[in-house]
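# Observations on the three-dimensional arrangement
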Amino acid sequence: MTRPFLAGFLLSLISTPLFAQGKDMGPAGQYYGQPRKLGAKFQFSPGPQEGGCKEVEWGTDAKGHTEFVRDEYVILERAVYLKCQDIKLTADKATYNFKTHDAVAEGHVIIDQGPVRLTGDRAVFNLDSKTGTLFNATGAMAPDMYFTGEKIEKTGEQSYRLVNGILTSCDIDRPSWSFHLASADITLDDYAHMRGVSFRAHNIPLIYTPRLIWPTKRDRSRGFLIPRVNFHREFGTRFELGYFVPFGESVDATLYADLNDKEYNGAGVDIRYRPSENVKQGDLNAYAVNDVEAGGVQWKYSYRHAQDNLPGGFRAVVDIEDFSNLDFFRRYSRDARLHTLSQIYSSAYLTKNQPTYSLNILADRRDIVSFASIDPKTPPDRQRFEQSPSLQFRTYPNRIGNTPLYFSLESSASHLRTSGLITGPEANYYRADIFPTLSLQLRTPSWLSIRPQISARQTYYSASLDDASANNPFGSNLVAVDEAVRRFYGQGQVEVVGPSFSKIFNRALGGFARFKHVIEPRVRYLYTSVVNDQERIIRFDTVDTPFLPIVRHSVEYSLTQRLIGREQGPNASAREVLSFSVRQSVALGNEFTNATGGNLPGSTVPPGQENKFTPLTASLHANPYQSITFDANASYGNVSHQFDQTSISANLLGTGDRADKYLSFTYFASYRQPGQTSASTSSQIRLNTGSSLLSDRIRADVQLNYDAKKGKFLEQRYLLGGTASCYGIALEFRRYLVFIPQEKADWNVGISISLKNVGTIGTH
């Protein structure tokens, strides 16, 4: 197919489409929403359906003129009115025939029937059948759709005919957009059959179609969605068509068919359901496309379900997703999330949370996906970790009687599988873990807190690493064998917070009435017993490699300074304005080293190097105003004797008259360690900002991601949009880097036009 063929196909298709109703249209042509009980999107609102007209009330104002012949006719002039049941007709002049029930009205004619109002210059209307014709007429459809016509006929209780008219959601006198119709037959709670339809922007014709069918149903109706066109440099031009199908009041589906001029044709389905208030989410999305380059079909799917109030007080959540070839969809899809997606995670669980405990039945799968494959036709490598299933039980710290002792517990029983690991083994085994903790809450002054705690961990594994792998647990080609291992270790710790020192400054500054300065030291001593058979453990998650350092003795210490300000005003509250902390750990026994597998989070001890001290970490947080935050972090290595990592972030949110503005800035960098290559360093800057312009008529947003080390933008995104009373326009330019398998720059341009009460037309 060629682009001219696609254009011709589009014109022929929209000549007789049946558009769907009851769907919300999102920006850039995206469709979203959920099943709902709503009236028709565009519909006339009928009045009461009553019997024929038997008694007529008529009259004029005090200066009006009346000519009356009993049982024959009445001629009324000046502010006249005729009333019968739910019909009221007003005009400058009217003649009513008592035998035929016909009324002929002229000048500022208004016919009201319940919530329906029709106006015109002249009308012929039968009050008994409630049908008639208005000339040079105007009217309205709910919600906010207006029409005008050379002639409007009311042909039945729920049927109308419009001749030579205009349909719009804008100002009827000077519409920004409108449908110009040669004629239309409209039936309430059914369809409007339009002929000779011309879509215009102001007075400029843009699209013409001989016929157009639009639903006027009170409920959601099936039909085609507004088509979309997608232009892609690699995959060519794609024409996207959707068909919406409701199934009752709580389920609907959208079927998609995509035609491509390079034969990358695709099809998909979106199913949404909300059968009860307990079902918070129910969405299934599936899509398949012909991959010409690979000579096969690529697919993706996702399913999400969330439900409360199940038997036994459980809650269920399902969230699964998968791709046949993630590299392909990184190039093919316009979803920016896929370009940074490194893990495909799916899970399904039942959970029950109580004040004292939680119970979870979990099945999940985590695929770590490479960012580049050698051959674009080949899916990238995956490392898979599965729990199928895992039973997890946890108790929160509960006081034991009237004692100062508190007991908590973490436990699990899991069936685990690993495959495709680069350094780990292929394994299919079982694990049972129990981790009880007993803590003591001592009575101390308010400026001091002492909390001792002891815990023990017992873990059973039905499989373990063989002897060769156990001697080199960080090597490659690790092998698992069916030899059970029971691992046990105990831990004891004492955490001391304080003594804390504080001072109050009764000085008003920057919207604060007074300040409180707090100096808070914190020390935690941790003792870990010998961990037997740790080198034989297959490492799956943090149960196998705890966050706590596996060294015999260690002390973590920190010093934090806080500045707390109380805001001015009668209902003012106190909040932290500024804080600064430094922290570090020291090993009292064995030294910290990568070989133990027990570094503290964020530590950067190079492989094979040991040190009694972890890096010194400093953190600064400032929040002088509710709309301003600033954070800075730095890590100084004791081995490298240099800064290992630094980061700075700032956020500014507008308030009051500037609530439309925002600015977010982030800088983070890691530095080369002694003995490492320059490739281990990185330095990136992220900037997000946006504001309204020209008295809120235009909205501009910018998103930038810049690699300062390489001196190039990883992503640039510029958005510009504007809204008026009945339409909106949005423009987007996006340029980004992808790795498939080599680094490559790609870009796309999008435009969308949103018409009030119609939907969104555009590319994406």
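Residues numbered from 1 in each chain as written. Predicted model: local features only at pLDDT ≥ 70, side-chain atom pairs only at ≥ 80, totals over all residues. Heavy atoms only, no water.

### Digging into the overall build of the protein
What the protein contains, in helices and strands, is three helices and 45 strands. Going through the 764 residues of the protein one by one, you find that 41% of them count as buried. In the protein, the share of contacts with a sequence separation of at least 24, taken over all contacts with a separation of at least 6, comes to 49%. A total accessible area of about 38600 Å² is found for the protein, and carbon and sulfur atoms account for 56% of it. (Helix = DSSP H or I, 4+ residues; strand = E, 2+ residues; numbered from the N terminus. Buried < 20%, exposed > 50% of the residue type's maximum accessible area, 1.4 Å probe, protein only. Contact = heavy atoms within 4.5 Å. Areas by Shrake-Rupley, 256 points an atom, 1.4 Å probe, with all protein chains shown as cover.)

### What about the state of the cysteines?
Applying the stated criterion to the full structure yields one disulfide. Across the disulfide from cysteine 170 sits cysteine 726; the S-S distance is 1.9 Å. The chirality of the disulfide connecting cysteine 170 with cysteine 726 is right-handed, given an S-S dihedral of about 90°. You can see cysteine 170 sitting in the loop between β11 (159-168) and β12 (177-187) and its partner cysteine 726 sitting in the loop between β42 (712-723) and β43 (727-739), a full 556 residues away along the chain. With respect to burial, cysteine 170 and cysteine 726 carry one shared label: buried. (Disulfide = S-S within 2.5 Å.)

### Digging into the packing of aromatic side chains
A ring pair, where both rings are aromatic, is described by two values, the distance of the centres and the angle of the planes. Taken as a whole, this structure holds 21 aromatic pairs when the rule is applied. Clustering of aromatic rings is evident, with ring pairs tying together Phe235, Tyr264, Tyr287, Phe323, Phe328, Phe329 and Tyr332. Above the plane of the ring of phenylalanine 135 lies arginine 122, whose end atom (NZ or CZ) is 4.3 Å from the centre. Here the guanidinium or amino end of arginine 366 rests over the ring plane of phenylalanine 385, the centre of that ring lying 4.7 Å away. (Phe/Tyr/Trp six-rings, centres within 6.5 Å; stacked < 30°, edge-to-face > 60°. Lys NZ or Arg CZ within 6 Å of the ring centre and 35° of its normal.)

### What to know about a nonpolar patch on the surface
Taken together, Leu720, Ile729, Leu731, Ile751 and Ile753 make up a surface patch of nonpolar side chains, about 390 Å² in accessible area. If you trace the backbone, isoleucine 753 turns up in strand β44 (residues 743-755). (Patch = residues over 30% accessible without salt bridge, like charges linked within 9 Å, V, L, I, M, F, W, Y side chains within 5 Å. Salt bridge = Lys/Arg side-chain N within 4 Å of Asp/Glu carboxyl O.)

### Points about the pattern of salt bridges
Going through the model one piece at a time under the given rule, you end up with 37 salt bridges. Put simply, lysine 130 and aspartate 86 hold a salt bridge, and the shortest N to O gap is 2.9 Å. On the criterion of sequence distance, the pair formed by lysine 130 in the loop between β8 (116-126) and β9 (131-141) and aspartate 86 in the loop between β5 (73-84) and β6 (87-97) is long-range, its members being 44 residues apart. The same class applies to lysine 130 as to aspartate 86, namely buried. We note a salt bridge from lysine 661 to aspartate 660, for which the minimum N-O separation is 3.4 Å.

### Looking at the pairing of strand β16 (residues 228-232)
Moving residue by residue along a regular strand, the side chains alternate between the two faces of the sheet. Only one face of β16 is covered, namely the one carrying Arg228, Asn230 and His232; the face carrying Val229 and Phe231 has none of its residues buried. Where β16 folds back on strand β17 (residues 236-247), the antiparallel hairpin that results is connected by three residues. (Pairing = 2+ DSSP bridges.)

### Quick word on unusual backbone geometry
Across the junction of serine 388 and proline 389, the peptide omega takes the value -5°, indicating a cis bond. Structurally, the position occupied by proline 389 is in strand β25 (residues 382-399). Residue proline 499 is reached from glycine 498 by a cis peptide bond, and omega for that bond is 0°. By the secondary structure assignment, proline 499 is in the loop between β31 (485-497) and β32 (501-505). The phi torsion at histidine 108 lies on the positive side, around 50°, for a residue other than glycine. Inspection of the secondary structure puts histidine 108 in strand β7 (residues 102-113). The backbone phi angle of asparagine 164 is positive, close to 55°, even though this residue is not glycine. Residue position: asparagine 164 is located in strand β11. We classify asparagine 164 as partly exposed; its relative accessible area is 45%.

### Thoughts on the confidence of the model for the protein
With 84% of its residues at a pLDDT of at least 70, the protein reaches an overall mean of 82. Least confident of the elements in the protein is strand β2 (residues 31-32), whose mean pLDDT is 32; most confident is strand β22 (residues 314-323), at 95. Confidence drops under a pLDDT of 50 for residues 1-19, and excluding neighbours within four residues, the segment shows 45 contacts in the predicted structure. Taken together, the stretch residues 593-608 has pLDDT below 50 and engages in 31 contacts with residues farther than four places along the chain or on a different chain. (pLDDT = per-residue confidence, 0-100.)

### Considering the environment of serine 619
Summarising the element assignment, serine 619 is placed in strand β36 (residues 616-625). Separated by 27 residues in sequence, serine 619 and threonine 646 have C-alpha atoms that sit 10.0 Å apart. Apart from residues no more than four positions distant in its own chain, serine 619 is found in contact with Ser579, Phe580, Ser581, Arg583, Ala632 and Asn633. Within polar-contact distance, the side chain of serine 619 engages the side chain of arginine 583 at 3.5 Å. Only 2.8 Å separates the side chain of serine 619 from the side chain of asparagine 633, close enough to count as a polar contact. (Polar contact = N/O pair within 3.5 Å; in protein donor to acceptor, adjacent residues only side chain to side chain.)

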